[in-house]
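In case you want the letters, here they are:
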Amino acid sequence: MPAGSSRREFFAGATLGAAGIVPMCCGTPDAAAGSWTIADGVLRIDLRREPGLKKTGEPRVVVEMDRKLNIIVVQHEKGRWAALDRTCTHGAGMCAYEKRRRTIRCTSLNHAEYTLEGALLHGRTHGNLRAYPTAERAGWLEIQLESRA
Ligand code: FES
């Protein structure tokens, strides 16, 4: 059993895994350790160290508890990126990328759904998801966490 997992979580995952189903909440991998840094309000992801992000439709998450940062990042079309808060505005469920619909969808039972710009499409929530400006430069993806004055 993986460290930090409860026995119940482990068996729930094993049952779903045996059925060939990856739970949506657990289906978004973390960006590789050491592939990203944060400085001057900018999250920088080295795409050479996180090659999964170079593929379209393959999201990664970046979580940094000290900064209360929990972001989902995806290249939804070649050269077009989205970076959004991952925490649903309804009840703090974790959101995941919905590849087929190109949206962000909450994994809770209410399934709130947002555009890649963070606008709420449907769901009883408390508003939109925050979306962050992105730019790709010389093998790095830059995500502007703080707005510049
Ligand atoms: S927590 Fe996302 S819809 Fe309820």
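Whatever comes next refers back to the structure up there.
The shown structure was predicted, so the numbers you read here are calculated from the model rather than taken from an experiment. (Residues numbered from 1 in each chain as written. Predicted model: local features only at pLDDT ≥ 70, side-chain atom pairs only at ≥ 80, totals over all residues. Heavy atoms only, no water.)

Asks: Please provide a residue-by-residue account of the sheet that holds strand 11 (residues 140-144), values included.
Replies: With antiparallel pairing, 4 strands are arranged side by side in an open sheet as 1-2-11-10. In this open sheet, the two edge strands, each paired with only one partner strand, are strand 1 (36-39) and strand 10 (134-137). Shown here is a sheet whose adjacent strand axes are inclined to one another by a mean of 20°, direction ignored. (Pairing = 2+ DSSP bridges. Helix = DSSP H or I, 4+ residues; strand = E, 2+ residues; numbered from the N terminus. Axes fitted to C-alpha atoms, helices over the stretch in contact; angles between N-to-C directions.)

Asks: Break down the nonpolar core for me, with residues and values.
Replies: Leu 43, Ile 45, Ile 71, Val 73, Leu 141, Ile 143 and Leu 145 are the most contacted members of the largest nonpolar core, which has 16 residues in total. Breaking this core down by element, the ones donating at least two residues are strand 2 (42-46), strand 4 (69-77), strand 5 (80-85) and strand 11. With 3 residues, strand 4 is the single largest residue contributor to this core. Apart from the residues lying within four places of it in its own chain, the contact partners of Leu 145 are Ile 38, Gly 41, Val 42, Leu 43, Leu 69, Ile 71, Arg 130 and Tyr 132. With 14 residues, the next largest nonpolar core counts Ile 72, Cys 95, Ile 104 and Tyr 114 among its residues. (Core = buried A, V, L, I, M, F, W, Y, C linked by side-chain atoms within 4.5 Å. Buried < 20%, exposed > 50% of the residue type's maximum accessible area, 1.4 Å probe, protein only. Contact = heavy atoms within 4.5 Å.)

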